[in-house]
Every structure is written in structure tokens, then in C-alpha cells.
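# Structural characterization, general
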Amino acid sequence: MKLPPDLSPLGVLEEQVLVAVLRTRGEAYGMNVRREIENVTGRELAIGAVYATLDRLEAKGLVRSKRVGAEGPTRRLFELTASGARALTETNTMREKLWEGISVRVLTALGRA
Amino acid sequence: MEFLFRVFYFVEMTPILPTILLKALVPRAERDEILADLTAEYAARAAADGRAAAKKWFWRQALRSALPLLGWSGRREVTGYIPPANAYRPGGPMLPIFLSDARYALRRLRYRPAYAILSVLTLALGVGGTAAIFGTARPVLLDALPYANADRAGMFWMDGAWNEEEFSYLRDKFDGFARVAGWRPGDVTLKQGDAPLRLIPGIAATGELFDVLGAPAFVGRTLQVGDDLIGAPPVAVVSYGLAAELGGGNVPSMLGKRLTLNGMERTVVGVMPKGFWFPTPAARIWTPQEIHPDRRNGYLTLVGLAKPGADIRHMGPYLARIVQTMAARFHYAGQWDKTRNPTVTPLRENLLGSMRPAVLATLAAMALILLIACVNVATLMLGQIEGRSSEMAVRTALGATRTRLTQQLIVEALLLGISAAIVGGGLAAAGFGLLAHALPIGAWGESAQFDWTLFAVALVAAIGASLLIVLAPTVVLWRGDVHGAISRARTGGIVGRGSRLEHGMVVTEVALAMLIASGSGLLVRSVMNLYAVNPGVDTGSVAVIDALAGNGTPVETRQSVEAIVAELSQLPGVTRAAGAMKIPLTGRGNSMGLLIPDRPDIKDVTTYFRVGTVDYLPTMGVRITTGRNFMTADKVQGPEVAVIINEAMARRFFAKQDPIGKLLEGGWGVKERIIGVAQDVAEGQLTDAPSLTRYYLAGTVPWIVPSATLVVRTNAGRDPAAILESARKALQRAAPSFAVSRTTTMARILDDAVGPARQIMALLSLLAGLALVLGAIGIYGVIAHFASRRKRDWAIRVALGLSGGQVVAQVMKQGVLLAALGILFGIAGTLVLSRLLTTLLYGVSAVDPIAFAAASLVLLAIGAGAAFVPARRAGMTDPALVLREQ
């Protein structure tokens, strides 16, 4: 079943997974994506959550996968689609707009008080 | 080898439980890669951080993945989304495939309405009938008895024959039993204000009864020892239903209420819980049975609770000792000798055992019908498959696996099954009431509740049936060759394969129908034999009213009976009326010893005795063969009374002489002069051999029971039942203290005496009819299919000179051959299974050739009839048309 790309705003985990797929480009297997997110955020992530999210993103048309590997079990290798790239850009733009005029330094000071 | 190594390695390395969890949850297509990656990382972690840390990590991964994985598979099921990368991987979402199969099956069924409706109806009949019979029979077959001691209690031998003297003597001497209770039927009349008396069915029991059963009261207390003492405060225990009815829904409020029962005030001391019954669900009230240590009328039944450590099924040694105690104290003789063959039957067997064979036979017949229905639908489906062989072939060529095609067949069968379950459940609901009364299970039928479990049973039966049905087409599918099918479809060739299976199924079907038909044939013969037994009374045009007397003395009771008889005789349409203590065909009743002066050789002889008003014998249509009937002038109390003996007595004691004028003694303490001999009557059971019986005129001997049976003979040709209502009113006018306990006719009493076989015969005949119809449909379907498949064949032969009649004969031969084969198998099966019916049969062997022959003929005729229609169509084949068409 082919669905039109879904352009609703990304969830936090979706955003993280998309970025991780981008960062591990060429090596973006499920397990690598998980490790990448764990490394950056410093928090453990369940592999099931990563695969479920990747599948949902593919269903939305934001990533696509193909099977690679000749020895042992083949793996799904993910890459960003054009829609995925657009969604990430949009999310990023929205975040920047949201943060506009807020000084990180003032915020950190508030956090310490 | 490598595989083994990997398994070993895998199990050794990753913890087992989380691995199993992950395997179960990860979709099939991704399972290998995810597990391989996790294992690799686990190994790396174990090497770096130690095994304990790695294990912990693995557990966390598995547990925290569980929820997202469930969501993942769930989403794939619902949306049917398959990533392109998985397109050629095994697994995939089941639901969308199922849905598309269902849609496809629905579409196919819609375009073949005849096939769909026939299949659903056929199955629904089987499924609905099975569910309804199962629901009705459940209380008898499955439900637990509502007594804690059901496994430790049992009913004594000689039920209804123990007297109070025996019971009071033996009460504390029952070896091997913790407690023994005595009970007897004890329907009571209930008087509420000015309303007419009501009859409440129940029993009278000694104080031990509820302790023996192990049944505590819902509120209040049960009967206890002491309630049955003479002069004890009168009490009663009522059923939950009766308490709810009398208390207007407030059950506990009935405690302490006083009820006027049989003209006597009794205090309600307890209410039994919902669902309690003893000895049948019809009983609603339990009153104490007073025990007079000097009364010798035998009417008690004993029920005992084995003492701890004793097994109720093996009480032999204890019973032997009890019998010894009895023999030392009492003198027993003849057929009433209680010291012979003492046995105790466990409660379940005693209360429900007699109904089991009838219920099981019906259930078995119904299961067979369901099987026939399955075979029928399978045959229909097989025809469909064959008609679709080219479609199947094309689909196979395009890549559909056989598994996939089978899956589709299963979906289609399930769809038929579920529709059948819905229709069948409706049928079951509609037929339930009907069945509850048709099955010979008495009050259990009335208490059987229709509930939703019936639909569940119907659904389970239907799904089971669907899976059974799909077997045959599946076999054909897996055996069939695809290329052959394609080429045949093009050339319209003869299909050889599959027809053998089809024929096999029809043979099975006929065999099953034969089982049911010969079973009901046996029952029909048996019931015919029972009706052919001459009961000695004229059962036409006699109305019967059983009445309970109030608390009057024997003289008052007798006078009331005479007053009622006088009132009844005045009713329009009545030719004769009489009253009696007991009428024929209603059980053994009273008996007493016989002495004949000058004949000291006659001792230890007991006879039945019956007491009635003047016209009793003529009203019942009992002929006086010698001497005369009673006259009003005979009604004198004195040292000598008139007696009429039956032919059995005359034969035994006065074989070579005229009994008229001879004297008898025994029982009443007076001399009895014989004035007549009456023909033998089935005084006890219908099939009993003629028993010695003496008849007395009411007023010359005491009316010793607090009840009477009134019999009314109506004008010939008039329905005796029509007189019952005015007779009941006449009875109330003449004797207001009497309560009517039953109104019926002699014909109905004869029906009851014929027993469960009669009712089950009606039901089995109905089922046999159903089986025959289904069998005919099956034969018709197969022969029609056979004929149309070979259309071209026939056409060529007709073109070459075969006559239409010969074609008809050949096709018919096929049908009759199948039927005959089925009948042979059916007879073989019947020989094995008819043993189930043995207890219901009378005067017929379970291998009765006449019943078999009749059933065979009927089936053969039906087979020929069902084959004739398609045969005729084949015979009228126009070769030119057929050959051009193909």
C-alpha cells in the first residue's frame, strides 16, 4: 500500500531517529541508529522503539529502506527521503523560531536558582 | 552442524526468557536481523562489562521493547503496511490477508446464492439442533448435583417399599453409614385466604435428609432430627422459588411464616438455596415425615451417607450385616423380601441414571445429523472447487501457493460456519422449549434454562464443522494437478479424480442416515410392542382425577369419595363414575398377606389389594369373567366381606374348582367371600406379568390412604379431557377439603406407562426424517454433479445410439449403488451402536432385522428418488446441443 507522505509535525523520538539516520548515513541499520542516539543523548534506548519508529517513518514516507548484506541475515538499511529532509528542515525552522529572542545564558542562570 | 552450533551458542549466550519474548514479539520479517544484532552487542558487552551487566542490559532491552513492538505489529496488522524492503520476506500482516479473503469469499457466496443458502441452512439445522439438545440435556449430563455429599450418599434398594417400623428399628443400626434418611413423595395443599387450594409438589422426609445430602439452608435451618417425632412442632422447609413467590420477592421474610398445608398450620423454618433440588427439580417443599414405630405400610425410600472411610460404591459387606440385622427381627417372604440382593446406588446414578441412555441416544443422533450436514456442505464445496479448477490453476500459475488457496477455503468455510452459528443459535432458541418437553427428562426439562452458552455451543460446533468441511476440498486441492485442470477446462474433458472422494462422502452420509433411521426404527417397533400389551383396562374415554384428602379420618375420607362420585355421575356426558385408592398402571401400590382356610400349604403369599366404589371395575372397563360385580347391597361391615379376585389368583389357587363362594383371609382380619373373578389388569407396570390382586368395595374395608383417584367414563366418542374442568368443580362442591393433585386421562397414563421410549421415539423419528432429507440432498448433489460432468460423454454415447432410457438407468444405477453401499456400512455401524438403546427397547432385539430392513428400504428408495431427477435430465440430453456447446 502506497501512502502519500505524512507532513504532520515530528515527535521527539521521530526527530531523533531521523537525525540519527542522517548522521549514520550509509550505515543506518536499526542497531546503529539506536547506538547513535544513545551516544548523543546519553540515555539507553530500546531497540524495539527504534524499529517501530523507523517503520512508522517509512510508512509516512520520510525514510526508505532496502535490504543489504550477503552473509548472515540481510538488514534493512535506512536513508532519508526528500520528504524526510523537508520534515526535518521544517522542524528545525520551527524550533529556531520558537527559541528566537531567548538567551540560553539567562535560561541556565534561571535553572540554577 | 552450523545450525546446531548457532542454536547452542545463542541459548548459551543470551538469557533465555527475554530471547523468547523478543522472538514472539518481533515481526517475522525482521526477527533474524534484530536478534543477530542484539546477540552481537550482548557478546561485546559481556566481554567488556561482564556477563551480569550484559544480562541486565539484555533484559532491559527486551522488556522496554515489548510495548513498542506490540504497537508496531498491531499497526502493521491494521494498516496492512509492508515496507517495500520486506516484499519478498516471509511473514507479514495476517489481518489484511484474512479480510481480503473474507471479502472475496463473501463476493463468491453472493454470486452463488443457492449454494450459500443451502450450505448455511444445512449447517444451521445441525448446529442449532445440537446446541438445543445439548442445552436441554446439560442438567442431566454435566451439571453437578447440588449436594456436598453427592459422592458419598446413595439410595437403598427397594425404593418406596420401606415401612416406618423397619426404619425406626434400624435407624441406629445402619452399619457403614453415618446417617440414613427416609422419604416419600409428599405433595401438599396450600390454603391462602379464600383462594382455591393449591398443590405444592414436595416430599416428606425424616430429620436426617439434609445432613445426608450435605445441603445447608439458604436462610434459617433445614429439617433436623426431632422434627419427625410424633407431636413435634409442625415445620416445613421451602424452596427458594416458592419462598420468593409467597414472600413477594423477599425470601428471608418467609422465615417464621405460618402456612396452612394439608389443612394444618406449619411454620417455615428454612429456605433452601437457589438451584437446590431433591429428589427432582419439581419438589418445592420438604416437610417432616413422622415415624410411628408400629406402622407397616411400606412407602419410604431410604437414602444413606457412607461413614468416613467407606466407599458408597462398595458397601456390600456393610449391607450384608444390615440384612442380617433385619432378618433377625422381621419376617420377609416372596417378592417383598428385602433381605435379597441389597444394593445402594450412588445418588447421581439413582437420580439421573435412568435418563442418561435416552439423552445420550438423542445427543448421538444429533451429532450424526451434524456430521451428515458437514458431509453435505463439504460435497457442495467440492463441487464448487471443481467448477473453479481453472481459476485455481490460473492463480497457482500466477504464484499463489497451495497454503494460500487452502487458507482462502478455510475463510470461506468459516464464513459459512459463522452464519450457520447465528441462524442455528436462533433455531436453538426457538426449538429449546419444544425440546425441553420432548426429551424424557421430566422436571429437568422444565428447569433447563435457555442462556447464551447455547450460542457459544452453536459457534463452537459450527467452527468445528467448518474445519471438518474444509478437509475434503483441501485434500482435492493438494492432490489435484494444476496443468491437467487448465487443459481440461479448455477441452471440457472428464474429471476423474475427486469423484472417488465425493462418492466416499455420499456413502458416509447414507451410512450415518442409516444409523439414525434404524435406531428410530428399533424404537418404533419397541413402542408398538408396548402399546400392543393389553393392560386389561379400557383406556379410551376415561378421565382421571387424583385428589388429596384433608386431615379427615378414613371413614370421613371414604364418605367424601362417595359424595364426589355421586356428584360426578350427575355431570352431563358421564356414563359412569367411581373412586379408588389406586388405579392400574401407576406403580405397585398396596399389598398384603393371603391365607386360605383349609389350605395350610398356602403361606408367605402376598397379593395386591385395591379398594374402590361400587362401579370401579366397570368404569375402568375391567371385565368380570365369572360371578358378578359389587352391588350397593354388598356394602356391609361385618365378619365377612365380598371380594373379587383376578384371573391370576383364580388360576393359581382355584385351578380345578369354581372360586365363587370360596373364603379368603389375611390382612383385614375378616373373612372374605369371593363373589367374582375379574380379568387380569396391569396393576403395577405395563410390562409386569399378571400379579395376584384382590378388589374390595369401599365401606367394607377401611380407606387407608389420605388420597383418592376418581375415574369418570364419558359417552363413547367424547374426549374425556373435555369433562375434566367440570369434574374438578364438582369435586370441590362435594368435598371442599379435597385438593386436586392431577387431572389426566387413562390414555395419557398409558402413554406415561409406555415410558421414555415413546417420547424419544418421536424425537428420533424427527431426527431420522431430517437425516433422510439431508441424505437425499447429498445424493442428489453428487449424482447431479456426476451427470453434468459427464454430459459430453453421454452426448457422444447418445449420438452413437444409446437410448435415453439407458442413460437414465446408468445414472440411477450410480445413485442406487452409492446408497446401497452406504446402507451396508450403516448396518455395520448400527450393530455396534444400537447397544446404546438396549435399555429403551422392549420385545425387540437391538439387531432387529425388520427395523433394519425397513430403514434400508426407505433409504434405498430415497437414494433412487434423489438420483432420478438428475438421471432424467441426463436422459433428455440433446447430443447436438451439448457437442456444439463444447
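### Thoughts on the overall build of chain B
The helix and strand tally for chain B stands at 28 helices and 23 strands. In chain B, which comprises 886 residues, the proportion classed as buried is 50%. A fraction of 81% describes how many contacts in chain B between residues 6 or more apart in sequence connect residues 24 or more apart. For chain B, the computed accessible surface area is about 39,300 Å², with 61% contributed by carbon and sulfur atoms.

### Concerning the overall build of chain A
Each helix and strand in chain A was counted, giving five helices and two strands. The order of α-helices and β-strands along chain A, N terminus first, is α-α-α-β-β-α-α. Looking at chain A as a whole, 42% of its 113 residues qualify as buried. A fraction of 45% describes how many contacts in chain A between residues 6 or more apart in sequence connect residues 24 or more apart. Here chain A displays about 6,700 Å² of accessible surface, and carbon together with sulfur accounts for 57% of that area.

### Here we look at the interface of chain A and chain B
With 24 residues of chain A in contact, the opposing surface of chain B contributes 28 residues. Between chain A and chain B, the buried area comes to about 2,300 Å², and carbon and sulfur atoms account for 49% of it. Linking chain A with chain B are seven salt bridges. The shortest N-O distance in the salt bridge between R60 of chain B and E44 of chain A comes to 2.8 Å. Linking chain A with chain B are 17 residue pairs in polar contact (both at pLDDT 80 or more), by the criterion used here. Taken together, the elements giving at least two residues each to the side of chain A that touches chain B come down to α2 (30-41), α3 (47-60), β1 (63-68) and β2 (75-80) of chain A. If one sorts the elements of the side of chain A that touches chain B by residue count, α3 of chain A sits on top with nine residues. Here the side of chain A that touches chain B is built from residues that sort into 10 nonpolar, three polar and 11 charged.

### Some thoughts on the environment of G804 of chain B
Here G804 of chain B is to be found in helix α26 (residues 804-833). Residue classification places G804 of chain B among the partly exposed positions, given a relative accessible area of 31%.

### Some remarks on the pattern of salt bridges
Applying the stated rule across the entire model yields 40 salt bridges over all chains. For R67 of chain A, the salt bridge is made with E33 of chain B, and the minimal N-O distance between the two is 3.2 Å. Here the residue R67 of chain A occupies a position in strand β1, and E33 of chain B occupies one in helix α3 (residues 28-49), the pair thus bridging two chains. With its nearest N and O atoms 2.9 Å apart, the salt bridge here joins E166 of chain B to K338 of chain B. Of the two residues, E166 of chain B is situated in helix α7 (residues 164-170) and K338 of chain B in the loop between α10 (316-329) and β12 (344-346); the sequence distance between them amounts to 172 residues. The pair formed by E166 of chain B and K338 of chain B is uniform in burial state, with each residue classed as buried. Overlapping salt bridges bring together R34, R35 and E38 of chain A together with E41 and R45 of chain B as one network.

### Section: the nonpolar core
Residues and elements named next belong to chain B. Ranked by internal contacts, the top residues of the largest apolar core, which has 130 residues, are Y147, L209, F278 and W286. Considering each element in turn, this core owes the most residues, 15 residues, to helix α24 (residues 756-789). Residues contacting Y147, with those up to four places away along its chain left out, are L213, G214, F276, W277, F278, L347 and L351. Core analysis: the next-biggest nonpolar cluster, separate from the first, contains 49 residues, V611, F654, V677 and L710 among them.

### Considering the pairing of strand β16 (residues 605-612) of chain B
Residues and elements named next belong to chain B. With seven of eight residues buried, β16 is to be regarded as a mostly interior element. Of the strand pairs in this sheet, strand β15 (residues 591-594) and β16 are connected by four bridges, and their pairing is antiparallel. Within β16, the residue paired with G593 across the bridge is T606. Judged from the five bridges that link them, β16 and strand β21 (residues 693-697) form a sheet pairing that is parallel. From the neighbouring strand, R610 faces β21, where its bridge partner is Y695.

### Focus on the packing of aromatic side chains
Residues and elements named next belong to chain B. Enumeration according to the criterion identifies 18 aromatic pairs over all chains in this entry. Ring geometry for Y42 versus F58: centroids 5.6 Å apart, planes at 75°, classification edge-to-face. With Y42 in helix α3 and F58 in helix α4 (residues 51-79), the pair connects residues that are 16 residues apart, well separated along the chain. Considered together, Y42 and F58 belong to a single accessibility category, that of buried residues. Arranged with centres 5.6 Å apart and planes meeting at 85°, the rings of F156 and F174 form a pair that is edge-to-face. Separated by 18 residues along the polypeptide, F156 in strand β1 (residues 153-156) and F174 in the loop between α7 and β2 (177-185) bring together distant segments of the chain.

### Overview of the confidence of the model for chain B
All names here are of chain B. This prediction gives chain B a mean pLDDT of 82; 92% of its residues lie at or above 70. By mean pLDDT, the top-scoring element of chain B is strand β7 (residues 235-238) (94), and the lowest-scoring one is helix α1 (residues 2-13) (47). Taken as a whole, residues 1-12 scores under 50 in pLDDT and shows seven contacts with residues more than four places along the chain or in a different chain. Two numbers describe this predicted complex: its pTM, 0.67, and its ipTM, 0.88.

### Side note on the side chain of T14 of chain B
Residue and element names in this part refer to chain B. With respect to the secondary-structure elements, T14 resides in the loop between α1 and α2 (16-25). There is a polar contact of 3.1 Å between the side chain of T14 and the side chain of T19. Look past the residues within four positions of T14 in its chain and what remains in contact with it is T19, T39, Y42 and F58.

### What to know about α3 of chain A
Look at α3 of chain A: 20 Å from first C-alpha to last across 14 residues, which is about the 20 Å you get at 1.5 Å a residue. Of all 14 residues in α3 of chain A, 13 are buried; the element is thus mostly enclosed.

### Let's talk about the environment of L770 of chain B
Mapped onto the elements of the fold, L770 of chain B is located in helix α24. Taking C-alpha positions, L770 of chain B is 9.9 Å from M366 of chain B, a pair spaced 404 residues apart along the chain.

### As for the side chain of S691 of chain B
By secondary structure assignment, the location of S691 of chain B is in the loop between β20 (671-678) and β21. Non-local contacts of S691 of chain B, meaning those with residues more than four positions away in its chain, are made with Y608, N646 and A648 of chain B.

### Comments concerning unusual backbone geometry
All names here are of chain B. With an omega of -5°, the peptide bond between F278 and P279 qualifies as cis. Mapped onto the elements, P279 comes out in the loop between β9 (264-271) and β10 (285-288). The backbone of N341 shows a phi angle near 45°, a positive value even though the residue is not glycine. With respect to the helices and strands, the residue N341 is situated in the loop between α10 and β12.

### Some details on a nonpolar patch on the surface
All names here are of chain B. A cluster of nonpolar side chains, I16, L17, I20, L21, W59 and L63, forms an exposed patch at the surface whose accessible area comes to about 570 Å². Secondary-structure elements contributing two or more residues to the nonpolar patch are α2 and α4. Considering each element in turn, the nonpolar patch owes the most residues, four residues, to α2. By the secondary structure assignment, L21 is in helix α2. Among the residues examined, L21 registers a relative accessible area of 31% and is labelled partly exposed.

Conventions we followed
Residues numbered from 1 in each chain as written. Chains lettered and ligands numbered in written order. Predicted model: local features only at pLDDT ≥ 70, side-chain atom pairs only at ≥ 80, totals over all residues. Heavy atoms only, no water. Helix = DSSP H or I, 4+ residues; strand = E, 2+ residues; numbered from the N terminus. Buried < 20%, exposed > 50% of the residue type's maximum accessible area, 1.4 Å probe, protein only. Contact = heavy atoms within 4.5 Å. Areas by Shrake-Rupley, 256 points an atom, 1.4 Å probe, with all protein chains shown as cover. Buried area = accessible area lost by both parts, 1.4 Å probe. Salt bridge = Lys/Arg side-chain N within 4 Å of Asp/Glu carboxyl O. Polar contact = N/O pair within 3.5 Å; in protein donor to acceptor, adjacent residues only side chain to side chain. Nonpolar A, V, L, I, M, F, W, Y, C, P; charged D, E, K, R; others polar. Core = buried A, V, L, I, M, F, W, Y, C linked by side-chain atoms within 4.5 Å. Pairing = 2+ DSSP bridges. Phe/Tyr/Trp six-rings, centres within 6.5 Å; stacked < 30°, edge-to-face > 60°. pLDDT = per-residue confidence, 0-100. Expected span 1.5 Å × (residues − 1). Patch = residues over 30% accessible without salt bridge, like charges linked within 9 Å, V, L, I, M, F, W, Y side chains within 5 Å.

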